[in-house]
Amino acid sequence: MTYPPPPGEQFPPPVDPYESSSHTAPLYEQPHYGQPVYSAYPPPPPPPPVRSRTVPIILLSAAIALVLLVGGGVVFYLVGEKFAGEGTDARDRITIREPSTLNGLPKLDAEELSSLTSRMEQELEGYPGAANAFGAVYGDLAEKKMTAALAAEVDIDDPQLMLDTVFQSFSGENQLTNVTSASTGDLGGVAQCGGAVVAESDVAICGWADEGSVGMFLFFYETTVDVKGDFPGMRAEIESKD
């Protein structure tokens, strides 16, 4: 109930409920164009980059050609012509086998590599006096983790001279650098490692020779410092002695 005001006083002016100083601005502000709009949800992560297999295969091709035509080709031919032993039974006591994995890396049977591995095997099998020769590539092309292995059984009179010839056959722009002796583990013989740059990428090359076998590893995207510790165990995965 509304009571009249005391004598002499007037009623206050009426208040319009739709007209208030507290509502002079609109309740919802329109976005200002040109300013960032933030979302409550983070944007999805970008897709992972697609790793190309082309570059590793080009490097594999170049390095294997280098070894077979420049280094290995010269050396394995000389093994049959000059350094092969006569009348020894060393090869009967030494066995070379092609493992399904090497240093924890699976053997690669990719179609792109079939011509490379076939060529390695054909080259090795064609050298005088060689037996159980094989060439294979191990690793992961997408991750650029690759090792090529070449080995054969053959009688050798002078392993040190033969191995020196292997590494000295690389010359010019293909010359190996930082060539040093490497551990032979329990298998004996002689071993060396050196580094090269092939297709603008580092390649470490380690090889061994003893009275009944010769072999070589090519480690891609690695240096001799990276691989010398693994070399004796990897050789033992391929060579065994009775």
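Here the structure is shown first, and the text comes after it.
All figures in this text were calculated on a predicted structure; none of them were measured in a lab.

Cut-off values and rules
- Residues numbered from 1 in each chain as written.
- Predicted model: local features only at pLDDT ≥ 70, side-chain atom pairs only at ≥ 80, totals over all residues.
- Heavy atoms only, no water.
- Disulfide = S-S within 2.5 Å.
- Helix = DSSP H or I, 4+ residues; strand = E, 2+ residues; numbered from the N terminus.
- Buried < 20%, exposed > 50% of the residue type's maximum accessible area, 1.4 Å probe, protein only.
- Phe/Tyr/Trp six-rings, centres within 6.5 Å; stacked < 30°, edge-to-face > 60°.
- Arc of directions from axis to C-beta.
- Pairing = 2+ DSSP bridges.
- Core = buried A, V, L, I, M, F, W, Y, C linked by side-chain atoms within 4.5 Å.

Novice: Got a sec to walk through the state of the cysteines? Specific residues and values, please.
Specialist: Applying the stated rule across the entire model yields one disulfide. Each sulfur of the disulfide joining C193 and C206 lies 2.0 Å from the other. Residues C193 and C206 are joined through a disulfide that is right-handed, its torsion about the S-S bond being 110°. With C193 in strand 7 (residues 190-198) and C206 in strand 8 (residues 201-209), the pair connects residues that are 13 residues apart, well separated along the chain. Residue C193 is classed as buried on the basis of its relative accessible area, which comes to 0%.

Novice: How would you explain the packing of aromatic side chains if you had to name every residue and give the values?
Specialist: For the structure on display, the rule yields four aromatic pairs. For the pair W208 and F231, a centre-to-centre distance of 6.5 Å together with 50° between the ring planes defines the contact as tilted. Taken as a pair, W208 in strand 8 and F231 in helix 6 (residues 231-238) lie far apart in primary sequence, 23 residues in all. When sorted by exposure, W208 lands in the same class as F231, which is buried. Taken together through their ring pairs, the aromatic side chains of W208, F217, F219 and F231 make up a single cluster.

Novice: Would you mind going over unusual backbone geometry in detail, with residue names and values included?
Specialist: With a phi close to 55°, N103 is a non-glycine residue in the positive phi region. Along the chain, N103 falls in the loop between strand 2 (101-102) and strand 3 (105-106). Using a relative accessible area of 38% as the deciding quantity, one classes N103 as partly exposed. Positive phi outside glycine occurs at N178, with the angle close to 55°. Topologically, N178 is positioned in strand 6 (residues 177-181). For N178, a relative accessible area of 60% gives the class exposed.

Novice: Any details on helix 6? Residues and values, ideally.
Specialist: When helix 6 is considered as a whole, its buried residues turn out to be F231, P232, M234, R235 and I238. Buried residues of helix 6 fall within an arc of 165° about the axis and therefore sit on the same side.

Novice: Pulling in residues and values, what's your account of the pairing of strand 4 (residues 131-140)?
Specialist: Buried residues dominate strand 4, accounting for seven of its ten residues. Where strand 4 lies against strand 5 (residues 145-153), eight bridges are found, and the strand directions are antiparallel. Bridge pairing links A131 to E153 in strand 5. What sits between strand 4 and strand 5 in their antiparallel hairpin is a turn of four residues, with K144 showing a positive phi close to 55°.

Novice: Which residues make up the nonpolar core, and what values do they have?
Specialist: Of all hydrophobic cores here, the largest spans 31 residues; its most connected members are L113, V166, I205, A209 and L218. Of all the elements in the fold, those that place two or more residues in this core are helix 3 (114-125), strand 4, strand 5, helix 4 (159-168), strand 7, strand 8 and strand 9 (213-220). Counting 20 residues, the second largest nonpolar core, distinct from the first, contains A136, Y138, A151 and C206.

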